[in-house]
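# Fold and geometry: a report
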2 protein chains.
Amino acid sequence: MCGNSRRHQLIGIGVGPGSSDILTVRAVRAIKQARTVFCPKGKRGPGIAYSAAKEWIPEETPVIELDFPMITERNREEIYPQYWEKNAALIAEKLQEGDAVFLTLGDPMVYSTYSYITDYLNDQGIETENIPGIPSFIALANAVNVPLVQGDESFAVLSVTQDLDAIRETVREDDNLVLMKVSSRNRDVARLLREEGLTDHFICVSNLGSPEEEAFTDINRLEEKIPYLSTILIKKNYDFRK
Amino acid sequence: MCGNSRRHQLIGIGVGPGSSDILTVRAVRAIKQARTVFCPKGKRGPGIAYSAAKEWIPEETPVIELDFPMITERNREEIYPQYWEKNAALIAEKLQEGDAVFLTLGDPMVYSTYSYITDYLNDQGIETENIPGIPSFIALANAVNVPLVQGDESFAVLSVTQDLDAIRETVREDDNLVLMKVSSRNRDVARLLREEGLTDHFICVSNLGSPEEEAFTDINRLEEKIPYLSTILIKKNYDFRK
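Residues numbered from 1 in each chain as written. Chains lettered and ligands numbered in written order. Predicted model: local features only at pLDDT ≥ 70, side-chain atom pairs only at ≥ 80, totals over all residues. Heavy atoms only, no water.

### Some remarks on the sheet that holds strand 5 (residues 128-131) of chain B
Residue and element names in this part refer to chain B. In spatial order, the strands read 3-2-4-1-5; together these 5 strands make up an open sheet with parallel pairing. Only two strands of the sheet have a single partner each, and these edge strands are strand 3 (63-66) and strand 5. Strand-to-strand twist of the sheet, defined as the mean angle between neighbouring strand axes without regard to direction, takes the value 25°. Both strand 1 (residues 10-14) and strand 5 contribute to a ladder of 4 bridges, which runs parallel. For Leu10, the partnering residue across the bridge sits in strand 5 and is Thr128. Set on the sheet, helix 1 (residues 25-33) makes contact with strand 1, strand 4 (100-104) and strand 5; between it and strand 1 the angle comes to about 135°. (Pairing = 2+ DSSP bridges. Helix = DSSP H or I, 4+ residues; strand = E, 2+ residues; numbered from the N terminus. Axes fitted to C-alpha atoms, helices over the stretch in contact; angles between N-to-C directions. Contact = heavy atoms within 4.5 Å.)

### Things to note about the relation of the copies chain A and chain B
Note: a rotation about an axis with an accompanying shift along it relates these two copies of the chain. Superposing chain A onto chain B takes a rotation of 180° plus a shift of 0.0 Å along the axis, which leaves an RMSD of 0.0 Å. What the superposition gives is, in effect, a two-fold axis relating one chain to the other. (Least-squares fit on C-alpha atoms with pLDDT ≥ 70 in both.)

### Remarks on a nonpolar patch on the surface
The grouping of Ile48, Met70, Leu105, Tyr228 and Leu229 of chain B at the surface amounts to a nonpolar patch, some 480 Å² of accessible area in total. As for its placement among the helices and strands, Ile48 of chain B is situated in helix 2 (residues 48-53). (Patch = residues over 30% accessible without salt bridge, like charges linked within 9 Å, V, L, I, M, F, W, Y side chains within 5 Å. Areas by Shrake-Rupley, 256 points an atom, 1.4 Å probe, with all protein chains shown as cover. Salt bridge = Lys/Arg side-chain N within 4 Å of Asp/Glu carboxyl O.)

### Thoughts on the interface of chain A and chain B
Taken residue by residue, the interface counts 50 residues in chain A and 50 residues in chain B. With both chains or domains summed, chain A and chain B bury close to 4,300 Å², and 51% of this area falls on carbon and sulfur atoms. Of all residues in chain A, Met109, Asn142 and Asp152 of chain A bury the most surface against chain B, accounting for 15% of the area lost on that side. Taken together, chain A and chain B are joined by 2 salt bridges. A salt bridge links Arg26 of chain B to Asp21 of chain A; the shortest N-O distance between them is 2.9 Å. At the boundary of chain A with chain B, the tally comes to 32 residue pairs in polar contact (both at pLDDT 80 or more). For the side of chain A that touches chain B, the elements supplying multiple residues, two or more each, are helix 1 (25-33), helix 4 (114-123), strand 5 (128-131), helix 5 (136-144), strand 6 (154-159) and helix 6 (164-173) of chain A. (Buried area = accessible area lost by both parts, 1.4 Å probe. Polar contact = N/O pair within 3.5 Å; in protein donor to acceptor, adjacent residues only side chain to side chain.)

### Let's talk about the environment of Leu208 of chain B
Residue and element names in this part refer to chain B. Tracing the chain through its elements places Leu208 in the loop between strand 8 (202-206) and strand 9 (214-216). Given the relative accessible area of 18%, Leu208 is considered buried. As a C-alpha pair, Leu208 and Ala143 span 65 residues in sequence and 8.3 Å in three-dimensional space. (Buried < 20%, exposed > 50% of the residue type's maximum accessible area, 1.4 Å probe, protein only.)

### Topic: the packing of helix 6 (residues 164-173) of chain B against helix 7 (residues 186-195) of chain B
Residues and elements named next belong to chain B. The geometry of helix 6 relative to helix 7 is characterised by a closest axis approach of 11 Å and an angle of 40° between their N-to-C directions. Taken together, the axis directions place helix 6 and helix 7 in an arrangement best described as oblique. In the crossing of helix 6 with helix 7, the sense of the turn from one axis to the other is right-handed. Where helix 6 approaches helix 7, its residues Leu164, Ile167, Arg168 and Val171 are matched on the opposing element by Asp188, Arg191, Leu192 and Glu195. Of the residues in the contact of helix 6 with helix 7, the class split is 4 nonpolar, no polar and 4 charged. (Parallel < 35°, antiparallel > 145°, perpendicular 65-115°, else oblique. Left-handed = near helix turned anticlockwise from the far one by under 90°. Nonpolar A, V, L, I, M, F, W, Y, C, P; charged D, E, K, R; others polar.)

### Description of the pairing of strand 10 (residues 230-235) of chain A
All names here are of chain A. Counting buried positions along strand 10 yields 6 of 6 residues, so the element is predominantly enclosed. Both strand 7 (residues 176-180) and strand 10 contribute to a ladder of 4 bridges, which runs antiparallel. Note on strand 10: the bridge partner recorded for Leu179 is Ile232. Here strand 8 (residues 202-206) pairs with strand 10 via 5 bridges, running antiparallel. The residue bridging Val205 from the neighbouring strand is Thr231, located in strand 10.

### Section: helix 5 (residues 136-144) of chain B
Every buried residue belonging to helix 5 of chain B is among Phe137, Ile138, Ala139, Leu140, Ala141 and Asn142 of chain B, and all of these are buried. Of the residues trailing helix 5 of chain B, Asn145 of chain B is marked for its positive phi of about 60°.

### Observations regarding the confidence of the model for chain A
For chain A, the average pLDDT comes to 92, and 95% of its residues sit at 70 or higher. Confidence estimates for the predicted assembly give a pTM of 0.94 and an ipTM of 0.94. (pLDDT = per-residue confidence, 0-100.)

### Things to note about the nonpolar core
Membership of the largest hydrophobic core comes to 78 residues, with the highest contact counts inside it found for Phe137 of chain A together with Phe137 of chain B. Not counting chain neighbours up to four residues away, the residues in contact with Phe137 of chain B comprise Phe137 and Phe155 of chain A together with Val110, Leu148, Phe155, Val157, Val178 and Met180 of chain B. Listed in part, the 44 residues of the second largest apolar core include Val171 and Phe216 of chain A together with Val171 and Phe202 of chain B. (Core = buried A, V, L, I, M, F, W, Y, C linked by side-chain atoms within 4.5 Å.)

### Quick look at the sheet that holds strand 10 (residues 230-235) of chain B
Strand order in this open sheet of 10 strands is 9(A)-8(A)-10(A)-7(A)-6(A)-6(B)-7(B)-10(B)-8(B)-9(B), and the pairing throughout is mixed. Looking at which strands have only one partner, the edges of the open sheet turn out to be strand 9 (214-216) of chain A together with strand 9 of chain B. Strand-to-strand, the axes of this sheet are offset by a mean angle of 15°, without reference to chain direction. Where helix 6 of chain A meets the sheet, it contacts strand 6 and strand 7 of chain A, and its direction lies at approximately 165° from that of strand 6 of chain A.

### Some points on the packing of aromatic side chains
Within the structure shown, the criterion is met by 14 aromatic pairs over all chains. Seen in terms of ring centroids, Phe137 of chain A and Phe155 of chain A are 6.3 Å apart; in terms of plane orientation they differ by 50°. Their pairing is tilted. Remark: Phe155 of chain A occurs in strand 6 and Phe137 of chain A occurs in helix 5; sequence separation between them is 18 residues. Both residues of the pair, Phe137 of chain A and Phe155 of chain A, count as buried. Ring geometry for Phe102 of chain B against Tyr114 of chain B: centres 5.3 Å apart, planes inclined by 50°, an arrangement best described as tilted. Of this pair, Phe102 of chain B sits in strand 4 while Tyr114 of chain B sits in helix 4 (residues 114-123), placing them 12 residues apart in sequence. (Phe/Tyr/Trp six-rings, centres within 6.5 Å; stacked < 30°, edge-to-face > 60°.)

What follows is the structure in structure tokens.
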């Protein structure tokens, strides 16, 4: 660090579900003003967050892809922090040049890797702020044109990476549910939906907003291989098969 | 209806929590192109959804305020549909002139009056589509800079207008919770937070994004009169008083 340089700020930006016009006006303005744009590296080249925002990134702005590998090994809880710390150090270094933005799919406060990085930066006295984005489950309800929640109802959002009994309990409790990260356990989820009598009460949407978007309500389809970015909406008081 | 006129479309637009730059680019474009803008009438004059969007409404576009009164009587379940039907009829009439937008605070699929109107329009063969907006609970998490949900966690969003025992059960089940419409039962909620040992684990935000915005973590403050637009975030693994 140069002794006298003002510490610049990192802005976490939610770019929404993937379409370039589903960013907020505030997000577009911040992207245009940023000295540096950070985004998570995709499997092959720049990731989906970058693709959603690229229309708004000035040609001369450097874009830095950060590596957050998907780790399936048991010791991932130990490995992940190494990547968070390493990427935070790189961001801190670049912030000496000016304010930067960090692009995150959906919203920065909802299942986002960005939310782990900020702890490291805040510990160094670096300020972070956020610009909200449309989470995938909100985009999904709008796309299928079915209210997520009305009146006195409640809803729950859960990751199916957690324990199956915990998922079952939540599914029994709530009338409206969103299951995230479904692709890793699509068969378990299909079995659970059958056992709980919910085969007519779900819709699964994959690759929302992209040319590969697919929506289905057939429980048999759910047992086949489904795309990585798939989300399920369950509504007990709504018949998706009607 | 004129026999030959094409049926135009109604677009439900989520204008987000209230700031004019938290609308999406797609929402701004649709507002600029609309033949008519509908919005819910506020207590005194145009409501908050209109205020959030007015910067983007062309001067020559007619803005029609629809009356959706707050009914506290017991027979409100019978009275509400009369207003929905009446407002839907007015919208259907205006759609003969061209496509229209319906502005809704937050998101059209989350606790929105708009989602009741569409049934009446769809029954008449009128198409509706939606443009998502940032829900208040997403804006809240971003404003206080605390992740709503991470990793394998889940979260629940509930209206405190429902039965208090049901609220207590959900509060016990989930690590991350959002309580909506808190102002009507702030003392009940405060008692529940005390009884469940959660006095250090909540933040209440009122009038988010407006000049009257107020955030507090003091349980005693929650027992006083709080503003109508107040939302509580509970995180059991986070100390808001630290």
